[in-house]
Amino acid sequence: MTLIRFFRDYARERFGVRVRKIPVALPFTCPNIDGSKGRGGCAYCYRGARPDHLSPRVSMREQIEEGIRRARERYGRELKFFIYFQSYTNTYGDIAYLRELYEEALSFEGVVGLDVGTRPDCVPQEVIELLASYTAKGVEVWLELGLQSANYETLKRINRGHGISEFVDAVLRAKEVGLKICAHTIVGLPGEGEEDFLETARLLSVLKVDGVKIHPIYVMRNTQLAKMYTRGEFAPLTLGRYVKYAADMLEVLPQDCVVHRLTAEAKKPALLAPDYCTYERKLEVIAAIEEELKRRGKRQGAGEGTIRNLKELVQEPGGA
Ligand code: SF4
């Protein structure tokens, strides 16, 4: 029995072979950086989460060719691919430009889906409909929406530049046309505690998101968070605390919610803390979370569930 519904297992069942995500970094920016929504970006933002090995100066075609070549070298030719639009805000552009990019990505042999990372306040209806036009042709499209926390005060504290309502709105509109939603969450944001992490998982459970990314907060140099960290105003979670909270969240999330990520990886010296957020320790962190569930005799979706809580809430006398 698998305790966690990982993306790799979901995708193998769905497509019958191993599926790899091919990340691309394109010359996008973000409305929370360029001034249209905010300036300075999220407190933890470091290069819009661009992987070290990718450069937006290299054409998307070359990035995909190289990604596919490397994946085949490692895993053999029996592979399918998702093109993963990873860094910055990949729906923030002219619709004709977005169409050109998405369709070029879909033109590669073996590509069965798109995975588009963005902000919940940056998915106008025309983008949702464009993405839905691909699902109508049998392509699987995941819309990756950054929520990070279901606590509005936290979102203000970290300068997200959007609230919870934009996230709910984007989820409902995207689900209505058959896009799959993967929600990003961060555990251990400044000022947050156990109840916040659980509440975030409860919101995602109620909204029936199709997938989730959970990772611990990590501090990168040249960020607002780095300043707080060096001034002693903030400390990331220890590995033990992160493992506990990630397991708690998994218990609350439904069994069929696909887990796309359970930790974060960065490289020193740009990574200031914690030291378990490295490529080398990725598997150790995931194994520790699985071990924690095993120790509890629990699995993803084994928790109390959210719907029951909501029912209790609405039955409270005088509850509004
Ligand atoms: S939304 Fe993403 S790219 Fe934009 S500032 Fe925040 S972390 Fe950076």
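Please refer to the structure placed before this passage.
What you are looking at is a predicted structure, and each value in this text was computed from that prediction instead of being measured. (Residues numbered from 1 in each chain as written. Predicted model: local features only at pLDDT ≥ 70, side-chain atom pairs only at ≥ 80, totals over all residues. Heavy atoms only, no water.)

(A) Just the overall build of the chain, in detail. Along its length, the chain carries 11 helices and nine strands. Its C-alpha atoms give the chain a radius of gyration of 19 Å, near enough to 20 Å, the size a compact globule of 320 residues would have. Along the first, second and third principal axes, the C-alpha atoms of the chain reach 55 × 40 × 40 Å. Taken over 320 residues, the chain has a buried fraction of 54%. Contacts in the chain between residues far apart in sequence, at least 24 positions, make up 81% of those at least 6 positions apart. Summed over its atoms, the accessible surface of the chain is roughly 14,900 Å², and 49% of this surface lies on carbon and sulfur atoms. Side chains of the chain give 48 positive and 44 negative charges; the mean places of these two sets differ by 3 Å. (Helix = DSSP H or I, 4+ residues; strand = E, 2+ residues; numbered from the N terminus. Rg over C-alpha atoms; globule rule 2.2 N^0.38 Å. Buried < 20%, exposed > 50% of the residue type's maximum accessible area, 1.4 Å probe, protein only. Contact = heavy atoms within 4.5 Å. Areas by Shrake-Rupley, 256 points an atom, 1.4 Å probe, with all protein chains shown as cover. Lys, Arg positive; Asp, Glu negative; His and termini not counted. Charge placed at Lys NZ, Arg CZ, Asp CG, Glu CD.)

(B) The arrangement of the site of the ligand in detail. Within the structure, the ligand sits among Cys30, Ile33, Gly41, Cys42, Tyr44, Cys45, Gly48, Tyr88, Arg119 and Arg160. Of the residues that constitute the shell around the ligand, the class distribution is six nonpolar, two polar and two charged. (Near = heavy atom within 4 Å. Nonpolar A, V, L, I, M, F, W, Y, C, P; charged D, E, K, R; others polar.)

(C) A look at the nonpolar core. Judged by nonpolar contacts, the single largest core of 94 residues is most densely connected at Phe85, Leu114 and Leu131. The element best represented in this core is helix 9 (residues 239-252), accounting for eight residues. Once residues within four sequence positions are removed from consideration, Leu114 is found in contact with Phe82, Ile83, Phe85, Tyr102, Ala105, Leu106, Leu131, Tyr134, Val139, Glu140, Val141 and Trp142. Listed in part, the 10 residues of the second largest apolar core include Ala11, Phe15, Phe82 and Cys182. (Core = buried A, V, L, I, M, F, W, Y, C linked by side-chain atoms within 4.5 Å.)

(D) Highlighting the side chain of Glu251. Note on placement: Glu251 falls in helix 9. Discounting residues that sit within four places of it in the chain, Glu251 has contacts with Leu293, Arg296, Lys298, Arg299, Gly301, Ala302 and Gly303.

(E) Examining the environment of Leu179 more closely. Along the chain, Leu179 turns up in the loop between helix 6 (164-176) and strand 5 (180-187). As for Leu179 and Asp169, which are separated by 10 residues in sequence, their C-alpha atoms are 14 Å apart. Beyond its immediate sequence surroundings of up to four residues, Leu179 is in contact with Ile128, Leu131, Ala132, Thr135, Val141, Leu143, Ala174 and Asp210.

(F) Representation of the pattern of salt bridges within the structure. This structure, assessed with the given rule, holds 31 salt bridges. Residue Glu292 pairs with Arg295 through a salt bridge whose shortest N-O separation is 2.8 Å. Placement of both Glu292 and Arg295 in helix 10 (residues 282-296) is noted, with a separation of three residues, approximately one turn of the helix. Here Arg295 falls in the exposed class, since its relative accessible area comes to 61%. In this structure, the salt-bridge partner of Arg296 is Glu292, at a minimum N-O distance of 2.8 Å. With Arg296 and Glu292 both in helix 10, this residue pair falls four residues apart, about one helical turn. (Salt bridge = Lys/Arg side-chain N within 4 Å of Asp/Glu carboxyl O.)

(G) Spotlight on the packing of aromatic side chains. This model, assessed by the stated rule, comprises nine aromatic pairs. Each ring, one from Phe7 and one from Tyr10, has its centre 6.1 Å from the other, and the planes form 45°; the classification is tilted. Taken together, the residues span about one helical turn, with Phe7 and Tyr10 both in helix 1 (residues 7-15) at a distance of three residues. Ring geometry for Phe197 against Tyr245: centres 4.9 Å apart, planes inclined by 55°, an arrangement best described as tilted. (Phe/Tyr/Trp six-rings, centres within 6.5 Å; stacked < 30°, edge-to-face > 60°.)

(H) Region of the structure containing unusual backbone geometry. With an omega dihedral of 5°, the bond running from Lys268 to Pro269 counts as a cis peptide bond. Take Pro269: it is sitting in the loop between strand 8 (258-261) and strand 9 (271-273). Note that the residue after Ala273, namely Pro274, is joined by a cis bond; omega there is -5°. Among the secondary structure elements, Pro274 is positioned in the loop between strand 9 and helix 10. Residue Lys208 is not a glycine yet carries a positive backbone phi of 55°. Along the chain, Lys208 falls in the loop between helix 7 (194-207) and strand 6 (211-216). The backbone of Asn222 sits at a positive phi, close to 60°, despite the residue not being glycine. Inspection of the secondary structure assignment puts Asn222 in the loop between strand 7 (219-220) and helix 8 (224-230). On the accessibility criterion, Asn222 (68% relative accessible area) is exposed.

(I) How the structure looks around the packing of helix 9 against helix 10. Where helix 9 meets helix 10, the closest approach of the two axes is 9 Å, and the angle between their N-to-C directions is 60°. Classified by the angle their axes make, helix 9 and helix 10 are oblique. Classified by chirality, the crossing of helix 10 by helix 9 is right-handed. Seen from helix 9, the contacting residues are Leu239, Tyr242, Val243, Lys244, Ala246, Ala247, Asp248, Leu250 and Glu251; seen from helix 10, they are Glu284, Val285, Ala288, Ile289, Glu292, Leu293 and Arg296. Residue classes in the contact of helix 9 with helix 10 are distributed as 10 nonpolar, no polar and six charged. (Axes fitted to C-alpha atoms, helices over the stretch in contact; angles between N-to-C directions. Parallel < 35°, antiparallel > 145°, perpendicular 65-115°, else oblique. Left-handed = near helix turned anticlockwise from the far one by under 90°.)

Everything listed here is a matter of geometry and, on its own, says nothing about what the molecule does.
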